[in-house]
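Structural overview
Residue-level listing of the chains:
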Amino acid sequence: MRWCETNIIVKYFAYYREAIGKDHDSVQIDPGSRISDLVEILRNRYPNVFPGRGIFVARNFRYADLDETIMDGDVIAIMPHVSGG
């Protein structure tokens, strides 16, 4: 483990929780990483689960943009888009 990693919890909801088979992961990323970097890590870790688009992300219980920087201790929630009519 590198001394300068950022430790976060990634929570999975709905389809993602079912497809991955667990409700959360503990992830270590480089300081200064953005949510988009985390999404790429998850796509590499679970290549058949994450599509190219259609993902909602929340950071510490509020919706987040993919370009937001992740801080040590953040909780990132991954949810599929919800459709309705």
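Residues numbered from 1 in each chain as written. Predicted model: local features only at pLDDT ≥ 70, side-chain atom pairs only at ≥ 80, totals over all residues. Heavy atoms only, no water.

With respect to the side chain of T6
Structurally, T6 is set in strand β1 (residues 6–12). Judged by its relative accessible area of 6%, T6 falls in the buried class. (Helix = DSSP H or I, 4+ residues; strand = E, 2+ residues; numbered from the N terminus. Buried < 20%, exposed > 50% of the residue type's maximum accessible area, 1.4 Å probe, protein only.)

Looking at the packing of aromatic side chains
Tallying each qualifying case throughout the model produces six aromatic pairs. When the ring of Y12 is compared with that of Y46, the centres are 6.2 Å apart and the planes differ by 85°; the resulting orientation is edge-to-face. Of the two residues, Y12 is situated in strand β1 and Y46 in the loop between α2 (35–45) and β3 (55–59); the sequence distance between them amounts to 34 residues. A residue is classified by how much of its surface remains accessible, and Y46, at 15% relative accessible area, is buried. Put simply, the rings of Y12, Y15, Y16, Y46 and F50 pair up and form one aromatic cluster. (Phe/Tyr/Trp six-rings, centres within 6.5 Å; stacked < 30°, edge-to-face > 60°.)

A few points about the confidence of the model for the protein
Averaged over the protein, the pLDDT score is 89; the fraction of residues at 70 or greater is 89%. The weakest mean pLDDT in the protein belongs to β3 at 92; the strongest belongs to β1 at 96. (pLDDT = per-residue confidence, 0-100.)

A short note on the nonpolar core
Core analysis: the biggest nonpolar cluster contains 20 residues, and I8, V10, Y12, L38, L42, F50 and I78 have the highest contact counts within it. When residues of this core are traced back to their parent elements, those giving at least two are β1, α1 (15–20), β2 (24–29), α2, β3 and β4 (75–80). Element by element, the count of residues in this core is highest for α2, at four residues. Ignoring any residue separated from it by four or fewer positions in sequence, one finds I78 in contact with V10, K11, Y12, F13, Y16, L42, F50, I55, F56 and V57. (Core = buried A, V, L, I, M, F, W, Y, C linked by side-chain atoms within 4.5 Å. Contact = heavy atoms within 4.5 Å.)

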